[in-house]
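Here is what each chain is made of, one letter per residue.
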Amino acid sequence: MSKIVLKNATVMTDSGFKQTQVLIDGPYIAKIDPNINDSAQVEIDCSGKLVLPGLIDAHVHFRQPGMEHKATIKTESAAAALGGVTSFMDMPNTSPATTTIEALHNKQALASNDSYVNYGFYLGASEHNLEEVKRVDPHEIAGIKIYMGSTTGNLLLDDDNALFKMFEAAPTLVATHCEDNGIINANTALAKEMYGDKIPFEMHHIIRNRDCCVKSSLLAIEAAKATNKRLHIMHLSSQEEVELLSQYAQGDIHNRQISAEVCIPHLFFNDTDYPRLKGFLKCNPAVKFERDRRALIQGLRKGIITTIGTDHAPHELAVKQSENYLNVASGLPSVQFSLNVIFELFKRKELSLEEGIKAATINVAERFGIEKRGLIKEGYFADIAIIDPRERYTVHQDDIASLCKWSPMLNQSFSCKVTHTIASGNLVVADSKLCSDSGNAMALRFNP
Ligand SMILES: [Zn+2]
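What you see is a predicted model; the values in this text were computed from it and never measured.

Draft legend 1. Here's a closer look at the environment of Asp271. Note on placement: Asp271 falls in the loop between helix H9 (264-268) and helix H10 (274-277). Remark: the alpha-carbon pair of Asp271 and Lys107, spanning 164 residues in sequence, is separated by 36 Å. With near-sequence residues (within four places) excluded, Asp271 lies in contact with His205, Val287, Lys288, Phe289 and Glu290.

This is the structure in structure tokens:
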């Protein structure tokens, strides 16, 4: 691993932007100083660019093992790297599901060979794996993921008694997907009665509505309180949930009992995008109204929502192209463009750049207890994204690195371009192209 110097760099540090230089030695940031005299093998001239901490995406579905026709750790971690995401935490709904320690270790082995960026995994809760959950080394996993009402087969924990037992057993933070199945099933039946097999895609957020999110989030909060566990509600999507969570937004990010994530689709799209994107916008929870999107942004600004993830969840093009709402699988890819979206929200004056980047970096590290990542700071791991804010960038088909080869961001024009990505001291992207082999990244370590 060579030394790298970032010259003429405008760096986002924990005390604001600084004009300086950064010396990277091995996996670490060795020095931040305007006068670095070191004969580093690699010099990167950062004039006119912004040097940011690499994003930590706590919510991706890279589909491996078992769904390699949709995505692989290699292809999706390449997409992550190209988008300035230097660490990911992958969800357990693979095949087999990550509900055993053996399945967890198999995934870690895959990632250590194939990943371009740092990696971590959740252990999934099922109705049969309470003992595995009790046995798992909490430093090895991002958290216990519970699907409370979602279409994910044997990972669903729909029974309140099983849910409370799972919270009780969790040795880490509990991350939940909160939607109530009863409400979804009733609304789906109604929509079928009204439209037959011609349900319009605009009905997605009427079927999976705010009530189903709020009801399930309330139950998760109740379980966390009853068992005194830390809860992170994933992909918040409604104004009502932001209001519900406002009372818990106190104290340091790691130790607060209840916290929440918002994902890129819910920050960037609203219901008016359904006629254009149809099945390509179908994800769970559903993208809702503009008032929800605005409430989510305000939730971030006020610290009610602490982290930004993507819920990157690719499916094959053919599955998403179907005109039949019921046949279209839920989930969309976004890991390659999350930094672009955050920068775009800043350019539109919806968020400050610091607010957006912190929520996708240091806040994630703090909430999940990830050591020495999420900041550009001496002694921290060198996880860095360099962007060029002078370059307008339009997403072309050829740019899409995800195996599925489609994106809801296709033809979207952004106000910056990611030019370089460094993960644990490895230069993986230079001049917006992959420039190293996979397999040099590190496993994330968690302090619950
Ligand atoms: Zn997800």
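Next comes the rest of the account.
Draft legend 2. How the structure looks around the sheet that holds strand S13 (residues 307-309). Strand order in this open sheet of 8 strands is S6-S7-S8-S9-S10-S11-S12-S13, and the pairing throughout is parallel. The sheet is open, and its two borders are formed by strand S6 (55-60) and S13, each paired with just one other strand. Each neighbouring strand pair of the sheet contributes to a mean axis angle of 30°, computed without reference to strand direction.

Draft legend 3. Inspection of the coordination of the zinc ion at higher detail. Here the zinc ion is held by His59 (NE2), His61 (NE2) and Asp311 (OD), and the distances to it run 2.1 to 2.2 Å. Accessibility expressed as a relative area gives 7% for His61, which makes it buried.

Draft legend 4. Layout of the pairing of strand S18 (residues 426-430). S18 sits mainly inside the fold: 4 of its 5 residues count as buried. Note that strand S17 (residues 417-423) and S18 share 3 bridges and pair antiparallel. Paired with Ile422 across the strands is Leu427, a residue of S18. Sheet topology places S18 next to strand S19 (residues 433-434); 2 bridges connect them, and they run antiparallel. Across the sheet, the residue bridging to Val429 is Leu434, located in S19. The antiparallel hairpin formed by S18 and S19 contains 2 residues in its connecting segment, where Asp431 sits at a positive phi of about 50°.

Draft legend 5. Seen up close, the environment of Asp159. Position of Asp159 relative to the elements: it lies in the loop between strand S9 (141-148) and helix H4 (160-169). Note on Asp159: relative accessible area 37%, which makes it partly exposed. Asp159 sits 83 residues away from Glu76 along the chain, and the two C-alpha atoms are 33 Å apart.

Draft legend 6. Inspection of the nonpolar core at higher detail. In this structure, Ile144, Ile146, Leu245, Ile308 and Met409 are the most contacted members of the largest nonpolar core, which totals 107 residues. With near-sequence residues (within four places) excluded, Ile144 lies in contact with Leu123, Ala125, Val133, Met166, Ala170, Pro171, Thr172, Leu173, Val174 and Ala175. Residues Leu173, Ala365, Phe368 and Leu444 belong to the second largest nonpolar core, which totals 19 residues.

Draft legend 7. Summary view of the packing of aromatic side chains. Tallied over the full model, the rule gives 11 aromatic pairs. The interplanar angle of 75° and the centroid separation of 5.3 Å between the aromatic rings of Phe268 and Phe269 together place this pair among those described as edge-to-face. For the pair Phe268 and Phe269, a shared accessibility class is recorded, and that class is buried. Clustering of aromatic rings is evident, with ring pairs tying together Phe62, Phe88, Tyr119 and Phe121.

Draft legend 8. Region of the structure containing unusual backbone geometry. With an omega dihedral of 5°, the bond running from Ser95 to Pro96 counts as a cis peptide bond. Position of Pro96 among the secondary structure elements: in the loop between strand S7 (85-90) and helix H2 (101-114). The phi torsion at Asn8 lies on the positive side, around 50°, for a residue other than glycine. Tracing the chain through its elements places Asn8 in strand S1 (residues 4-13).

Draft legend 9. Region of the structure containing the pattern of salt bridges. With the rule as written, the count across this model stands at 21 salt bridges. When the shortest N-O distance is used, the salt bridge between Glu132 and Arg135 registers 2.9 Å. Of this pair, Glu132 and Arg135 both sit in helix H3 (residues 130-135), 3 residues apart, roughly one helical turn. Taking the relative accessible area as the measure of exposure, Arg135 reaches 56% and is therefore exposed. Between Asp197 and Lys198 there is a salt bridge, with its nearest N and O atoms 3.9 Å apart. Residue class for Lys198 comes out exposed when judged on its relative accessible area of 66%. Within the structure, one salt-bridge network assembled from shared partners comprises Glu290, Arg293, Arg294, Arg348 and Glu350.

Calculation criteria
- Residues numbered from 1 in each chain as written.
- Predicted model: local features only at pLDDT ≥ 70, side-chain atom pairs only at ≥ 80, totals over all residues.
- Heavy atoms only, no water.
- Helix = DSSP H or I, 4+ residues; strand = E, 2+ residues; numbered from the N terminus.
- Contact = heavy atoms within 4.5 Å.
- Pairing = 2+ DSSP bridges.
- Axes fitted to C-alpha atoms, helices over the stretch in contact; angles between N-to-C directions.
- Donors = N, O, S within 2.8 Å, 3.2 Å for Na, K, Ca; no water.
- Buried < 20%, exposed > 50% of the residue type's maximum accessible area, 1.4 Å probe, protein only.
- Core = buried A, V, L, I, M, F, W, Y, C linked by side-chain atoms within 4.5 Å.
- Phe/Tyr/Trp six-rings, centres within 6.5 Å; stacked < 30°, edge-to-face > 60°.
- Salt bridge = Lys/Arg side-chain N within 4 Å of Asp/Glu carboxyl O.

Such coordinate-based values are descriptive only and should not be taken to indicate function.
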